[in-house]
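Here's the letter readout for the chains.
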Amino acid sequence: MPNKLVMIIRHAEKPIPGGPDLGVTEQGESDPASLTVRGWQRAGGLCRFFTSRPYLWADLHQLLRRA
């Protein structure tokens, strides 16, 4: 039986109530339940490590550039 690797990653950053960073939706609209800009950037940065389809990374990268 081949070895298996399980990775648990906490990538997201949501805004702290009363903090300086705001949550934003994928469309760039303010939303306290969504990720911060840094959270979106980190999620996008990890994408390339977990997919064998580079075009998914390119799509997410384009989305983040608009945020």
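Not measured: the values here are computed from a predicted model. (Residues numbered from 1 in each chain as written. Predicted model: local features only at pLDDT ≥ 70, side-chain atom pairs only at ≥ 80, totals over all residues. Heavy atoms only, no water.)

S.K.: Would you mind showing me how to read the overall build of the protein here?
M.R.: From N to C terminus, the protein includes two helices and zero strands. Looking at the protein residue by residue over its 67 residues, the buried ones come to 21%. Taking as baseline every contact in the protein between residues at least 6 positions apart, the subset at least 24 positions apart corresponds to 23%. Of the roughly 5,800 Å² of accessible surface on the protein, a fraction of 56% belongs to carbon and sulfur atoms. (Helix = DSSP H or I, 4+ residues; strand = E, 2+ residues; numbered from the N terminus. Buried < 20%, exposed > 50% of the residue type's maximum accessible area, 1.4 Å probe, protein only. Contact = heavy atoms within 4.5 Å. Areas by Shrake-Rupley, 256 points an atom, 1.4 Å probe, with all protein chains shown as cover.)

S.K.: Looking at this structure, I do not really get helix 1 (residues 37–47). What am I missing?
M.R.: Two residues of an α-helix separated by three or four positions point the same way, owing to the 3.6 residues in each turn. Every buried residue of helix 1 is listed here: G39, W40, A43 and G44. Considered in projection along helix 1, the buried side chains sweep an arc of 135° and stay on one side of the axis. (Arc of directions from axis to C-beta.)

S.K.: Honestly, a nonpolar patch on the surface in this entry has me stumped. Any pointers?
M.R.: Taken together, the side chains of M7, I9, F49 and F50 make up a nonpolar region of the molecular surface, amounting to roughly 440 Å² of accessible area. Topologically, F50 is positioned in the loop between helix 1 and helix 2 (54–66). (Patch = residues over 30% accessible without salt bridge, like charges linked within 9 Å, V, L, I, M, F, W, Y side chains within 5 Å. Salt bridge = Lys/Arg side-chain N within 4 Å of Asp/Glu carboxyl O.)

S.K.: What am I meant to see in the side chain of T36 here?
M.R.: With respect to the helices, strands and loops of the structure, T36 is situated in the segment before helix 1. By relative accessible area, T36 is classed as buried at 4%.

S.K.: It is not clear to me how the side chain of S34 should be interpreted in this structure. Could you clarify?
M.R.: Structurally, S34 is set in the segment before helix 1. Of note is the side chain of S34, whose polar atom sits 2.7 Å from the side chain of D31. Setting aside residues up to four positions removed in sequence, S34 forms contacts with K14, P15, G23, V24 and T25. (Polar contact = N/O pair within 3.5 Å; in protein donor to acceptor, adjacent residues only side chain to side chain.)

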